[in-house]
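Given next are the chains, with one letter for each unit.
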Amino acid sequence: MTDAILVLCTCPDEASADLISEHLLNQRLAACINQLPGLTSVYRWQGKIERAREIQLIIKSRASLFELLRLCILSHHPYEVPEILALPTSQGHQPYLDWLTQETS
């Protein structure tokens, strides 16, 4: 098991995805963030099934930074209840893991 995590977060548009990415990187809470546009999310919200076009963020960070990362996302995200899911990594390419640690220190 490593300290590295992948955090998933959807954003409604490019502007909010860029804003969140910039804050996470500037605060060194993430080493890399992939922005995947063109996502269609289908979900239940307030008793109705909704469909929305979104941008998926895949945030590479460390478990020890998760709480600060979560608070940063919450302070800049336009959704009332944003997706913030952390997935642990059990293994990885050691030079990449070393780089991730260096960039989030």
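Below or above, wherever it landed, is the structure these notes cover. Note that this is a predicted model, so its numbers are computed, not measured. (Residues numbered from 1 in each chain as written. Predicted model: local features only at pLDDT ≥ 70, side-chain atom pairs only at ≥ 80, totals over all residues. Heavy atoms only, no water.)

**Looking at the pattern of salt bridges**
When charged atoms on two side chains of opposite charge get close, those side chains can pair. As enumerated under the stated definition, the model contains 4 salt bridges in all. Put simply, Lys 48 and Glu 50 hold a salt bridge, and the shortest N to O gap is 3.8 Å. The exposure class assigned to Lys 48 is exposed, which follows from its relative accessible area of 52%. Overall, the relative accessible area of 24% leaves Glu 50 in the partly exposed class. (Salt bridge = Lys/Arg side-chain N within 4 Å of Asp/Glu carboxyl O. Buried < 20%, exposed > 50% of the residue type's maximum accessible area, 1.4 Å probe, protein only.)

**Things to note about the pairing of strand β3 (residues 48-62)**
The two faces of the sheet receive side chains in turn, since in a regular strand these alternate between them. Sheet topology places strand β1 (residues 4-11) next to β3; 8 bridges connect them, and they run antiparallel. Bridging from a neighbouring strand, Leu 8 pairs with Ile 58 of β3. With 12 bridges connecting them, strand β2 (residues 32-45) and β3 associate as antiparallel partners. Residue pairing across strands places Arg 44 opposite Ile 49, the latter belonging to β3. (Pairing = 2+ DSSP bridges. Helix = DSSP H or I, 4+ residues; strand = E, 2+ residues; numbered from the N terminus.)

**Quick notes on helix α1 (residues 14-26)**
Taking 1.5 Å of rise per residue, the 13 residues of α1 would be expected to cover 18 Å, and the 18 Å separating its terminal C-alpha atoms lies within 8% of that figure. For α1, the secondary structure elements touched by its buried residues are β1, β2, β3 and α2 (66-76). Between a side-chain oxygen at the N-terminus of α1 and the backbone nitrogen of Ala 15 the separation is 3.4 Å; the capping residue is Asp 13. Backbone geometry just after α1 places Arg 28 at a positive phi near 60 degrees. (Expected span 1.5 Å × (residues − 1). Contact = heavy atoms within 4.5 Å. Polar contact = N/O pair within 3.5 Å; in protein donor to acceptor, adjacent residues only side chain to side chain.)

These results come straight from atomic positions and should not be treated as a statement about function.
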